[in-house]
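# Architecture at a glance
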Amino acid sequence: MINLAVIGYGYWGPNLVRNFQETEGVRVRACCDLDKKRLELVASKYPSIETASDFDRVLLNPKIDAISIATPVATHYELARKALEHGKHVLVEKPLAASVAEAESLVDIAAKHSLTLMVNHTFIYTGAVRKMKEIVDSGDIGELYYFDSVRINLGLIQKDVNVLWDLAPHDLSILGHLVLENPTSVCAVGSCQFGNGVESVAYLTVYYDSGLIAHFHNNWLAPVKIRTVIVGGSKKMILYDDMQASEKIKVYDRGIEVSGTEQVHNTLVSYRLGDMWAPKLETTEALRLVAAEFIDSIENGRAPLTDGISGLGVVKILEASEMSIKHRGREVKL
């Protein structure tokens, strides 16, 4: 039985505690938060879980084997570093850290101590993204042409990170999961409407040597909530709409076929308008699979699906995008 402590019982912490409590092979032994009212809530709901406001108290508990961190991004590095150096396996909420240097350090420390470092890129474990991965890997959609993501809503505006750091990690993790090729560069533009230096609207483009292009539109100031991803291929296209109660994934047998001679004016373009189908998706709660993956990777000494390396890849793109925004969209090599 693996004994686990959850650090941070705010918005996401309760979901972590619930799912770990219901996962075989693990027991939530402690919960830590600076807000005493949140700890009182834990104690009333889970009397068997120890509560603490002092993180060091949790670290020094020899009975704790693993730590799940659900705190603001700026605190991820210090909390995860201390946990790893105290011999604890670590699950960190997205993004892994606030800089590439911090993310690389965590990956190195975990490797040095032979500990599991996992990032909670929850969307990778949803039935929708798992189905998308299955379709892409099967070759059904052919060569990948583009990845187009829109993740917008009204709020919640963050004070310490811009809209890309807040919203883009979800879809960047999906991109990295679907595409085996490493990106080569990024361009990004954004605007700050409140004079605090934090962009609330941003557009990010990621380039690949193969010609694949990925685009991300993130916005805290939109009048509607939109969560869509389109993956375009040479044979078929996938639409993922997370706001749909059912049929979140639709596969379109549609595309463009070009034929003709080398002369441009003789090139013939034809449009293929085939069927659309909505595959059945698994309905297991994604966070339940996250918890199971974390525990299984610890027990079997293997790298988890969303390991520190994948988390580092997301942070590299985010840091480069921030640099590009500061230089009005200049291309930044990865």
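Rules behind the numbers
Residues numbered from 1 in each chain as written. Predicted model: local features only at pLDDT ≥ 70, side-chain atom pairs only at ≥ 80, totals over all residues. Heavy atoms only, no water. Pairing = 2+ DSSP bridges. Helix = DSSP H or I, 4+ residues; strand = E, 2+ residues; numbered from the N terminus. Contact = heavy atoms within 4.5 Å. Axes fitted to C-alpha atoms, helices over the stretch in contact; angles between N-to-C directions. Patch = residues over 30% accessible without salt bridge, like charges linked within 9 Å, V, L, I, M, F, W, Y side chains within 5 Å. Areas by Shrake-Rupley, 256 points an atom, 1.4 Å probe, with all protein chains shown as cover. Salt bridge = Lys/Arg side-chain N within 4 Å of Asp/Glu carboxyl O. Parallel < 35°, antiparallel > 145°, perpendicular 65-115°, else oblique. Nonpolar A, V, L, I, M, F, W, Y, C, P; charged D, E, K, R; others polar. 1 Å grid on protein atoms, 1.4 Å probe; cavity = no way out; pocket = protein on both sides within 12 Å on 5 of 7 lines; lining within 4 Å. Points joined across faces, edges and corners; volume = space filled by probe spheres on them.

### Re the sheet that holds strand S12 (residues 237–241)
Ordered in space as S14-S13-S12-S11-S7-S10-S9-S8-S15, the nine strands form an open sheet in which the pairing is mixed. A single partner strand is all that each edge strand has here, and the edge strands are strand S14 (268–277) and strand S15 (332–333). Sheet topology note: the strand S9 (residues 201–207)/strand S10 (residues 213–219) ladder contains seven bridges and is antiparallel. In the sheet register, Val206 faces S10, and the bridge partner there is Ala214. The strands touched by helix H7 (residues 163–178) are strand S7 (144–154), strand S8 (185–191), S9, S10, strand S11 (221–233) and S12; relative to S10, the strand with the most contacts, the crossing angle is about 150°.

### Notes on a nonpolar patch on the surface
A cluster of nonpolar side chains, contributed by Ile256, Val258, Val269, Tyr271 and Leu273, occupies part of the molecular surface with about 580 Å² of accessible area. If you list the elements that add at least two residues to the nonpolar patch, you get strand S13 (249–259) and S14. With three residues, the single largest contributor to the nonpolar patch is S14. Residue placement: Val269 occurs in strand S14.

### Topic: the packing of helix H5 (residues 100–112) against helix H9 (residues 308–326)
Where H5 meets H9, the closest approach of the two axes is 9 Å, and the angle between their N-to-C directions is 170°. Judged by the inter-axis angle, H5 sits roughly antiparallel to H9. Side by side, H5 and H9 meet where Val100, Ala103, Glu104 and Val107 of the first sit next to Gly308, Ile309, Leu312, Val315, Lys316 and Glu319 of the second. Along the lines of polarity and charge, the residues of the contact of H5 with H9 split into six nonpolar, one polar and three charged.

### Thoughts on empty space enclosed by the protein
The full count for this structure, using the stated rule, is one cavity of 30 Å³ or more. One number sums up the size of the largest cavity: a volume of about 30 Å³. Lining the largest cavity are Leu144, Tyr146, Phe147, Leu178, Val179, Leu212, Val231 and Gly232. Taken together, the elements giving at least two residues each to the lining of the largest cavity come down to S7 and S11. Ranked by residue count, the leading element in the lining of the largest cavity is S7, at three residues. Residue composition of the lining of the largest cavity, by class: seven nonpolar, one polar and no charged.

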